[in-house]
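Residue strings, one per chain:
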Amino acid sequence: MLSKSTPNRFSSLALLLPLVLGSACQSNSKTDSAAASEASTTAPADSASRKYLAEPLVKEIYTADPSAHVFNGRIYIYPSHDIETGMPENDNGDHFAMRDYHILSMDSIGGKVTDHGVALDTKDIPWAGRQLWAPDAAFKNGTYYLYFPLKDKQDIFRIGVATSKSPTGPFKAEPKPMAGSLSIDPAVFTDTDGKTYMYMGGIWGGQLQRWRTGTYNGSNPKEQEPAANEPSVGPRVARLADDMKQFAEPVREVKIVDKDGKVLLSGDNNRRFFEGAWMHKYNDQYYFTYSTGDTHFLAYATGTSPYGPFTYQGTFMNPVEGWTTHHSIVEVNGKWYIFYHDTELSGKTWLRNVKVTELKRGADGSIALINP
Ligand code: FUB
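Residues numbered from 1 in each chain as written. Predicted model: local features only at pLDDT ≥ 70, side-chain atom pairs only at ≥ 80, totals over all residues. Heavy atoms only, no water.

Asker: Any details on the pattern of salt bridges? Residues and values, ideally.
Answerer: Enumeration over the complete set of coordinates arrives at 18 salt bridges. Among the salt bridges present, the one from Arg352 reaches Asp65, with a minimum N-O distance of 3.7 Å. In this pair, Arg352 sits in the loop between strand E19 (335–342) and strand E20 (353–358) while Asp65 sits in strand E1 (residues 62–71), placing the two residues 287 residues apart along the sequence. For Asp342, the salt bridge goes to Lys355, with nearest N and O atoms at 2.7 Å. Residue Asp342 is located in strand E19, and its partner Lys355 is located in strand E20; the two are separated by 13 residues in the primary sequence. The exposure class assigned to Asp342 is buried, which follows from its relative accessible area of 3%. One network of salt bridges, in which partners are shared, links Asp65, Asp82 and Arg352. (Salt bridge = Lys/Arg side-chain N within 4 Å of Asp/Glu carboxyl O. Helix = DSSP H or I, 4+ residues; strand = E, 2+ residues; numbered from the N terminus. Buried < 20%, exposed > 50% of the residue type's maximum accessible area, 1.4 Å probe, protein only.)

Asker: Go over the pairing of strand E10 (residues 196–200), please, and point to the residues and values.
Answerer: A regular strand carries its side chains on alternate faces of the sheet. Counted residue by residue, E10 has five buried out of five residues, so it is predominantly covered. Going residue by residue along E10, you find Thr196, Met198 and Met200 tucked away on one face and Tyr197 and Tyr199 tucked away on the opposite face as well. Sheet topology note: the strand E9 (residues 187–190)/E10 ladder contains four bridges and is antiparallel. Within E10, the residue paired with Val188 across the bridge is Met198. Here E9 folds back onto E10, and the loop between the two strands holds five residues, one of which, Gly194, carries a positive phi near 90°. As defined by bridge partners, E10 adjoins strand E11 (residues 236–239) across four bridges and the pair is classed as antiparallel. Across the sheet, the residue bridging to Met200 is Arg236, located in E11. (Pairing = 2+ DSSP bridges.)

Written out as structure tokens, the structure reads:
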């Protein structure tokens, strides 16, 4: 992740974007912008005056990176908890200096949102260095698992796991990070056969490019990034063991390919993986969704195995206000929703607020473009 003065360079476009869900899935920013302006001419009149697609779910604290799940019929959101620390913005993302998690819940989309208070604090994580970034959660056999990225005492991002008997915590962290884990943004997906996988990774400040040789190497934000004409750095995936606290197999790289089966290039900034992976399954297809980072899109790629390869299909969300874009997709009572964030409350990239809106699809399974 990068810092940039806020709002981002797309924000003026975002101000003009209407409250519509487009139907096309575009492959680059030029076509996305074209679709957006076409959509704006067909938007309902009252939407022209609305700057944002949805309301912040909570306003008392800043929240970001929402990973949403339905557990026992209730919706739980596992977000980052953004705070103001005065850290300067830089390419390492030092200004995202979060220290704890608050879990949110609601009984329905549009229902009252409850903030359940501190669920896990850095001071209670034995291996903690700094920066609690985007978490995710899972449930198995009566236990809830909270997965979180955190820099260790050597300033290397690892993934930790903490457990609780309640979906809202408090969670107790394991004494060490998960062996073999790396980088940021864990996303945990349980397949219809009961097997659970973790996707992870993010380039630049998320450090994924520093693992290209298999071991951690480098210290500057973009050091070790492939040249523009080389294959991009792929996110990672591994199946979780039955105890949900370790990987059952070596972590492997996920390939995101174009229609010809070629891995997207590192210089293909409008399409290549940057951070914020998510996985969901729809009509027996695996949908791998992610942020393109410095071009600020949410993109999707599909495949027939949880390991990929995933074929790039298009953008499904145009840039939000703020530099980062991060999401989750969840089915609630037969409808699909995207949880996401922007910076409506603060106007500052590092103080974000989570939101939710409906996700729509074409008959062919394509995801409709959302203009936030
Ligand atoms: O919240 C910190 C980082 O910002 C996340 O890990 C990234 O996905 C981006 O949203």
